[in-house]
Amino acid sequence: MRWIALILNLFSFSLYAHEITSMTQHLTLRKQDEVGLQQDMIAKINLNKTFDIGAQATYLERFDLFEKRVGGFVVMRPHERWTIEARYLQGMGNEILPEKQAILSAYYANGAGYSPYVFYRDSRYSVTHLHTVNVGVEIEKIANIILIPSFMVGKATFKSPGKTDDVHHYGLRAIYYVEKSWAFTLFGYKGKEASQAIIGRSTLLVDTLSGGLGGTYYFTDELKADLIFDHTDYDQLNTEFHTTTLNISWMF
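What this report covers is the structure whose coordinates are included nearby. Keep in mind the model is a prediction, meaning the values are calculated, not measured.

How each quantity is defined
Residues numbered from 1 in each chain as written. Predicted model: local features only at pLDDT ≥ 70, side-chain atom pairs only at ≥ 80, totals over all residues. Heavy atoms only, no water. Helix = DSSP H or I, 4+ residues; strand = E, 2+ residues; numbered from the N terminus. Rg over C-alpha atoms; globule rule 2.2 N^0.38 Å. Buried < 20%, exposed > 50% of the residue type's maximum accessible area, 1.4 Å probe, protein only. Contact = heavy atoms within 4.5 Å. Areas by Shrake-Rupley, 256 points an atom, 1.4 Å probe, with all protein chains shown as cover. Lys, Arg positive; Asp, Glu negative; His and termini not counted. Charge placed at Lys NZ, Arg CZ, Asp CG, Glu CD. Core = buried A, V, L, I, M, F, W, Y, C linked by side-chain atoms within 4.5 Å. Salt bridge = Lys/Arg side-chain N within 4 Å of Asp/Glu carboxyl O. Phe/Tyr/Trp six-rings, centres within 6.5 Å; stacked < 30°, edge-to-face > 60°. Lys NZ or Arg CZ within 6 Å of the ring centre and 35° of its normal. Polar contact = N/O pair within 3.5 Å; in protein donor to acceptor, adjacent residues only side chain to side chain. Pairing = 2+ DSSP bridges.

**Notes on the overall build of the protein**
Phase 1 of the analysis: For the protein, the helix and strand inventory stands at two helices and 14 strands.
Phase 2 of the analysis: A globule of 252 residues ought to have a C-alpha radius of gyration of about 18 Å, and the protein, at 18 Å, matches this closely.
Phase 3 of the analysis: Split into buried and exposed, the 252 residues of the protein put 46% on the buried side.
Phase 4 of the analysis: For the protein, the share of sequence-separated contacts (at least 6 apart) that also reach a separation of at least 24 residues comes to 46%.
Phase 5 of the analysis: Split by element, the accessible area of the protein, about 12200 Å² in all, is 62% carbon and sulfur.
Phase 6 of the analysis: A distance of 5 Å separates the average location of the 24 positive side-chain charges in the protein from that of its 27 negative side-chain charges.

Quick look at the structure:
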């Protein structure tokens with residue numbers, strides 16, 4: 001579920017500012033003696049009121065694997081309510097991270113309290129090709145409370161044995177916030193996902209059940225931190241993932 005958190009975190013940034021974001025994830029496999037670490041660095045430069053450009057780099061350690069990827073993105077604001085982003089990431093001999101990944105997302109800031117978003121993701125792993133579309137909406141009809149239901153559908157195509165299966169997940173995120181001060185988040189998701197992004201080179205579909213909580217604190221208007229705790233069950237893999245994510249964003 002970390003991609004949902006990433007996209008929503010990017011949408012939450014203030015417009016027309018340069019930004020640097022550090023995303024650090026620590027993963028514990030509860031029923032196995034394994035830990036993992038993932039570090040993402042994201043930088044965005046505002047060109048004008050319409051365009052931003054940026055770069056992203058990732059380093060991951062898990063299951064004695066040491067993986068990397070780099071890429072860039074373009075953000076366009078054709079209208080004051082629309083934000084459109086195209087992102088491409090290139091891997092380097094990876095098994096858990098995609099070798100190639102393209103993401104196209106759009107977000108509409110509706111002043112009536114309903115702000116829909118959609119993003120399409122094409123992820124090409126070493127043995128899995130994953131196409132997914134995620135649709136959601138931010139609902140703010142009560143002051144300081146945001147509800148974000150979302151639904152993902154897609155296809156996973158495996159090289160060997162050759163087959164294509166459906167993947168999906170759905171869930172709800174609830175946020176209580178005080179503007180430019182702090183926020184508290186609860187979330188839960190359920191679905192069926194391709195296993196390669198979870199355990200590496202594999203052609204399984206696994207049921208997932210995930211839930212967690214998080215908090216955001218603004219040290220200043222320009223500097224904020226997010227801390228997120230996520231528990232995910234993978235019964236078919238006989239394991240559970242506990243993930244702690246720390247995001248630090250500086251806007252200048």
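**Quick notes on the nonpolar core**
Phase 1 of the analysis: Core analysis: the largest hydrophobic core is formed by nine residues, namely Ile 103, Tyr 107, Tyr 117, Phe 119, Ile 146, Ile 148, Ile 175, Tyr 177 and Ala 183.
Phase 2 of the analysis: For this core, the secondary structure elements donating two or more residues are β6 (100-108), β7 (114-124), β9 (145-158) and β10 (163-178).
Phase 3 of the analysis: Judged by nonpolar contacts, the second largest core, of eight residues, contains Tyr 125, Leu 130, Met 152 and Ala 194.

**Quick notes on the pattern of salt bridges**
Phase 1 of the analysis: Following the criterion strictly, the structure yields eight salt bridges and no others.
Phase 2 of the analysis: Of the charged contacts, one joins Asp 166 and Lys 155 as a salt bridge, the two residues approaching to 2.5 Å between their closest N and O atoms. Of this pair, Asp 166 sits in strand β10 while Lys 155 sits in strand β9, placing them 11 residues apart in sequence.
Phase 3 of the analysis: Looking at Asp 166, the relative accessible area reads 46%, which means it is partly exposed.

**Let's talk about the packing of aromatic side chains**
Phase 1 of the analysis: Counted under the stated rule, the structure contains seven aromatic pairs.
Phase 2 of the analysis: Measuring from ring centre to ring centre gives 6.1 Å for Phe 187 and Tyr 189, while their planes differ by 40°; the resulting arrangement is tilted.
Phase 3 of the analysis: By relative accessible area, Phe 187 is classed as buried at 8%.
Phase 4 of the analysis: Ring centres of Tyr 217 and Phe 219 lie 5.1 Å apart, and the angle between their planes is 80°; on these two criteria the pair is classed as edge-to-face.
Phase 5 of the analysis: Given a relative accessible area of 46%, Tyr 217 falls into the partly exposed group.
Phase 6 of the analysis: Its end group placed over the ring of Phe 73, Arg 87 keeps NZ or CZ at 4.0 Å from the ring centre.

**Comments concerning the environment of Tyr 177**
Phase 1 of the analysis: Structurally, the position occupied by Tyr 177 is in strand β10.
Phase 2 of the analysis: When the C-alpha atoms of Tyr 177 and Gln 196 are compared, they prove to be 35 Å apart, with 19 residues separating the residues in sequence.
Phase 3 of the analysis: Setting aside residues no more than four positions away along its own chain, Tyr 177 makes contact with Glu 140, Asn 144, Ile 145, Ile 146, Trp 182 and Ala 183.
Phase 4 of the analysis: Engagement of the side chain of Tyr 177 in a polar contact is seen with the side chain of Glu 140, the distance being 2.3 Å.

**What to know about the pairing of β7**
Phase 1 of the analysis: Of the strand pairs in this sheet, β6 and β7 are connected by eight bridges, and their pairing is antiparallel. Residue pairing for β7: Leu 104 is matched across the bridge by Tyr 120.
Phase 2 of the analysis: Counted between consecutive antiparallel strands, the loop separating β6 from β7 contains five residues, among which Gly 113 sits at a positive phi close to 100°.
Phase 3 of the analysis: With 11 bridges joining them, β7 and strand β8 (residues 128-142) adopt antiparallel strand pairing. Each bridged residue has a counterpart across the sheet, and for Asp 122 the counterpart in β8 is His 131.
Phase 4 of the analysis: The antiparallel hairpin formed by β7 and β8 contains three residues in its connecting segment.

**Remarks on the pairing of strand β11 (residues 182-194)**
Phase 1 of the analysis: Direction of pairing for β10 relative to β11: antiparallel, over a ladder of 11 bridges. Along β11, the bridge assignment pairs Arg 173 with Phe 187.
Phase 2 of the analysis: The hairpin formed by β10 and β11 contains three residues between the paired strands, and Lys 180 there has a positive phi angle of roughly 55°.
Phase 3 of the analysis: In this sheet, strand β12 (residues 205-218) lies alongside β11 in antiparallel orientation, the contact comprising 13 bridges. When the bridges of β12 are listed, Trp 182 appears paired with Tyr 217.

**What to know about the side chain of Glu 67**
Phase 1 of the analysis: Among the secondary structure elements, Glu 67 is positioned in strand β4 (residues 65-79).
Phase 2 of the analysis: A distance of 2.6 Å separates a polar side-chain atom of Glu 67 from the backbone nitrogen of Glu 95.
Phase 3 of the analysis: Reaching out from Glu 67, the side chain makes a polar contact with the backbone nitrogen of Ile 96 at a distance of 2.9 Å.
Phase 4 of the analysis: Look past the residues within four positions of Glu 67 in its chain and what remains in contact with it is Thr 58, Tyr 59, Leu 60, Asn 94, Glu 95, Ile 96 and Leu 97.

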